[in-house]
Amino acid sequence: MVCTKQHIYIIETKGNDKMEDRNVQSKQRATIEWCEKINTLPAEKRMGRTWLYVLLSEGVFYAYSDKGVNIDDICAMGKVRRNLFE
C-alpha cells in the first residue's frame, strides 16, 4: 500500500508472465470491489483519499521507477478498473 496526498494505492506486482493468470484476474476483481466499498465511506473514514487497486508488471515498475517517474504516474499506468472485466 502506498499513500499519497490524494490516493491510497493497493499495489500488486507480478512477473510479466503472470499478468494474464486466472488467479490474478480473480484477485483483481475482488480487490476492485473492496476499494469501491471503501470509497463509499465518508472521506474521514478513508483518510480523505480515494482507494485504488494497481497491478504492475515487474518490468513496467522497474523501467519507470529507475527513470525517476513519480509513484502517482506509475500507478496511473497500472490502475485496474472494474469495466475491464465486463
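Predicted model only: the values in this text are computed from it and were never measured. Numbering of residues starts from 1 in each chain and follows the order in which that chain's sequence is written. For a predicted model such as this one, the threshold for reporting local features is a pLDDT of at least 70, and the threshold for listing and counting side-chain atom pairs is 80 or more; totals across whole chains, interfaces and linings nevertheless cover every residue. Calculated side-chain values reflect all of the structure's heavy atoms, with hydrogen atoms and water omitted.

1. Structural notes on unusual backbone geometry
Formally: Secondary structure elements follow DSSP: runs of H or I no shorter than four residues count as helices, runs of E no shorter than two count as strands, and numbering proceeds from the N terminus.
With a phi angle near 60°, M47 is a residue other than glycine that sits in the positive phi range. Its place among the elements puts M47 in the loop between helix 1 (22-39) and strand 3 (50-57).

2. Looking at the packing of aromatic side chains
Rules: Two aromatic rings, drawn from Phe, Tyr or Trp (for Trp, its six-membered ring), form a pair once their centres lie within 6.5 Å of each other, and the interplanar angle then sorts them: stacked below 30 degrees, edge-to-face above 60, tilted otherwise. The rule is simple: take the accessible area with a 1.4 Å probe, protein chains only, and divide by the maximum for that residue type; under 20% is buried, over 50% is exposed, in between is partly exposed.
Counted according to the given criterion, the structure contains two aromatic pairs. Centroid distance W34 to W51: 5.7 Å. Interplanar angle 80°. Geometry classified as edge-to-face. Of this pair, W34 sits in helix 1 while W51 is found in strand 3, placing the two residues 17 residues apart along the sequence. Ring centres of F61 and Y62 lie 5.2 Å apart, and the angle between their planes is 75°; this geometry places the pair in the edge-to-face category. Classification of Y62 by relative accessible area gives partly exposed; the value is 46%.

3. Observations concerning the sheet that holds strand 3
Our working rule: Two strands form a pair only when DSSP identifies at least two bridges running between them. Residues count as neighbours in contact if any of their non-hydrogen atoms are within 4.5 Å of one another. A fitted line through C-alpha atoms serves as each axis, taken over the contacting stretch for helices, and the angle formed by two N-to-C directions is quoted from 0 to 180°.
The strand order across the open sheet formed by three strands is 1-2-3, and the pairing between neighbours is mixed. Where the open sheet ends on each side, the last strands, each with one partner, are strand 1 (2-3) and strand 3. Bridge analysis of strand 1 against strand 2 (residues 7-14) gives two bridges, and the strand direction is antiparallel. Bridging from a neighbouring strand, C3 pairs with I8 of strand 2. Strand contacts of helix 1: strand 2 and strand 3, with the helix running at about 160° to strand 3, the strand carrying the most contacts. Against the sheet, helix 2 (residues 58-65) touches strand 2 and strand 3, its axis set at about 100° to strand 3.

4. Focus on the pairing of strand 3
Which entries qualify depends on this criterion: With strands facing away from the observer, any crossover in which the path from the first strand over the helix to the second runs clockwise is taken as right-handed.
Within strand 3, seven of the eight residues are buried, leaving the element largely enclosed by the surrounding structure. Sheet topology note: the strand 2/strand 3 ladder contains eight bridges and is parallel. In the sheet register, T13 faces strand 3, and the bridge partner there is L56. The β-α-β motif built from strand 2, the intervening helix 1 and the parallel element strand 3 has right-handed crossover chirality.

5. Topic: a nonpolar patch on the surface
Heads up, the rule is: Exposure above 30% relative accessible area and the absence of a salt bridge qualify a residue for a patch, where like charges join within 9 Å and nonpolar side chains (Val, Leu, Ile, Met, Phe, Trp, Tyr) within 5 Å. Each accessible area is a Shrake-Rupley result for a 1.4 Å probe, and residues are judged covered by the shown protein chains and nothing else. Salt bridge, as applied in this entry: a Lys or Arg side-chain nitrogen positioned within 4 Å of an Asp or Glu carboxyl oxygen.
A surface patch of nonpolar side chains, amounting to about 230 Å² of accessible area, comprises V60, Y64 and M77. Relative to the elements of secondary structure, V60 occurs in helix 2.

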